[in-house]
Amino acid sequence: MESQTAPGLHVAIIMDGNGRWANQRGLPRLAGHRVGVEAVRHTVEAAPGLGIKVLTLYAFSADNWRRPPREVSALMRLLGHYLTQETDRCIATGVQLEAIGRRDRLPASVVRMIEDAERHTIGGGKLRLRLAIDYSARHAIVEAASRAQGQGAEAWSKLLGPDVDLLIRTSGEQRLSDFLLWESAYAEIVFTSRMWPEFSARDLADAVAEFHRRDRRFGAIAGSNSRRTA
Ligand code: IPE
Ligand code: IPE
Ligand code: MG
């Protein structure tokens, strides 16, 4: 069995439930998104200590453009704040920040903040933090297909990203909502009823502990725990 602190885990999180968390408290949905940013901070801080090397957070899906314009612009503003405020902390704590997803539909100011954050945090070796913004796995796969013609699965993984070890979705929903469909081929999935604004370092540790209790077989025989890819 792998040790609890085995390095190199790729954990991906569908951060869901901000709106419902706020509604349950008679607050506007935006209040849920704001507190959700705090949960992101706790999660990023706790990740390296749990053996997580890559953390991919679903922040805004390609389908989230379908929300009311006021909510969309509030989310874009929050993303911008997060990127500018967290860059220094990321540099100090060895976090390399990058965004995945489309950039051609984002406000120019957000693109600029993404590029600045990426440039300034390059080389951070503690944790690779990937924020999925205007992200659609289907779109990413179609893009990769046009660039990887005739090449093998390894080239696809390079174009798309590392395999996911553990996929967490909060808020009780049990679906993938177009997130990392290729990369999650053998991901262990943990669904928790916790709403994202209340997600804590403890919840992350519990999910990682649950991951380590699972027997990953990758199509082989029980107990072999043989990794398919590096
Ligand atoms: C997740 O919370 C954040 C984003 C999708 C941006 P939601 O906003 O989806 O919250 P619910 O699902 O409506 O509660
Ligand atoms: C998925 O959550 C996207 C993010 C968490 C950013 P949604 O709340 O948008 O997904 P659905 O609509 O419930 O599937
Ligand atoms: Mg939702």
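All figures in this text were calculated on a predicted structure; none of them were measured in a lab. (Residues numbered from 1 in each chain as written. Chains lettered and ligands numbered in written order. Predicted model: local features only at pLDDT ≥ 70, side-chain atom pairs only at ≥ 80, totals over all residues. Heavy atoms only, no water.)

### A short note on the site of ligand 1
Link 1 in the chain: In the vicinity of ligand 1, the contacting residues are Met 15, Asp 16, Gly 17, Asn 18, Gly 19, Arg 20, Arg 29, His 33, Ala 59, Asn 64, Arg 67 and Leu 75.
Link 2 in the chain: Measuring from an oxygen atom of ligand 1, one finds a backbone N or O atom of Gly 19 at 2.9 Å.
Link 3 in the chain: Of all the secondary-structure elements, those providing two or more residues to the shell around ligand 1 are α1 (18-24) and α2 (29-46).
Link 4 in the chain: Broken down by element, the residue count for the shell around ligand 1 peaks at three residues, all from α1.
Link 5 in the chain: For the shell around ligand 1, a count of residues per class yields three nonpolar, five polar and four charged. (Near = heavy atom within 4 Å. Polar contact = N/O pair within 3.5 Å; in protein donor to acceptor, adjacent residues only side chain to side chain. Helix = DSSP H or I, 4+ residues; strand = E, 2+ residues; numbered from the N terminus. Nonpolar A, V, L, I, M, F, W, Y, C, P; charged D, E, K, R; others polar.)

### Overview of the site of ligand 2
Link 1 in the chain: Taken together, Ile 14, Met 15, Asp 16, Tyr 58, Ala 59, Phe 60, Ser 61, Asn 64, Arg 67, Arg 169, Arg 175 and Ser 177 form the complete shell of residues around ligand 2.
Link 2 in the chain: Between Asn 64 and ligand 2, the recorded distance is 2.9 Å, taken from a side-chain N or O atom to an oxygen atom.
Link 3 in the chain: Taking Ser 177, its side chain carries an N or O atom lying 2.7 Å from an oxygen atom of ligand 2.
Link 4 in the chain: With the chains in place, 78% of the 390 Å² that ligand 2 exposes on its own is no longer accessible.
Link 5 in the chain: Broken down by element, the shell around ligand 2 gets its largest block of residues, four residues, from strand β2 (residues 52-61).
Link 6 in the chain: Tallied by class, residues from the shell around ligand 2 come to five nonpolar, three polar and four charged. (Areas by Shrake-Rupley, 256 points an atom, 1.4 Å probe, with all protein chains shown as cover.)

### Thoughts on a nonpolar patch on the surface
Link 1 in the chain: A grouping of Leu 176, Leu 181, Ile 189 and Phe 191 is seen on the molecular surface, where their side chains present a nonpolar patch of about 270 Å² in accessible area.
Link 2 in the chain: Residue placement: Leu 181 occurs in the loop between β5 (166-169) and β6 (188-191). (Patch = residues over 30% accessible without salt bridge, like charges linked within 9 Å, V, L, I, M, F, W, Y side chains within 5 Å. Salt bridge = Lys/Arg side-chain N within 4 Å of Asp/Glu carboxyl O.)

### Observations regarding the pattern of salt bridges
Link 1 in the chain: Under the defined criterion, the tally for this structure stands at 24 salt bridges.
Link 2 in the chain: Where Arg 41 meets Glu 38, a salt bridge forms, and the shortest distance between an N and an O atom there is 2.6 Å. Taken together, the positions of Arg 41 and Glu 38, both in helix α2 and three residues apart, correspond to about one turn of that helix.
Link 3 in the chain: Given a relative accessible area of 15%, Arg 41 falls into the buried group. (Buried < 20%, exposed > 50% of the residue type's maximum accessible area, 1.4 Å probe, protein only.)

### Regarding the pairing of β6
In summary, the side chains of a regular strand alternate between the two faces of the sheet.
Link 1 in the chain: Alternating residues of β6 divide into Glu 188 and Val 190, all buried, and Ile 189 and Phe 191, none buried.
Link 2 in the chain: In this structure, β5 lies alongside β6, joined through four bridges in parallel fashion. Within β6, the residue paired with Ile 168 across the bridge is Val 190. (Pairing = 2+ DSSP bridges.)

### Some thoughts on the environment of Tyr 58
Link 1 in the chain: Looking at the secondary structure, you find Tyr 58 in strand β2.
Link 2 in the chain: On a C-alpha basis, the gap between Tyr 58 and Gly 125 in space is 21 Å, while along the polypeptide they are 67 residues apart.
Link 3 in the chain: Not counting residues up to four positions away in its chain, the partners in contact with Tyr 58 are Ile 13, Ile 14, Met 15, Ala 132, Tyr 135, Leu 176, Ser 177, Asp 178 and Phe 179.
Link 4 in the chain: A polar contact of 3.3 Å, which involves the side chain of Tyr 58, links it to the backbone oxygen of Tyr 135.
Link 5 in the chain: A polar contact is formed between the side chain of Tyr 58 and the backbone oxygen of Asp 178, at a distance of 3.4 Å. (Contact = heavy atoms within 4.5 Å.)

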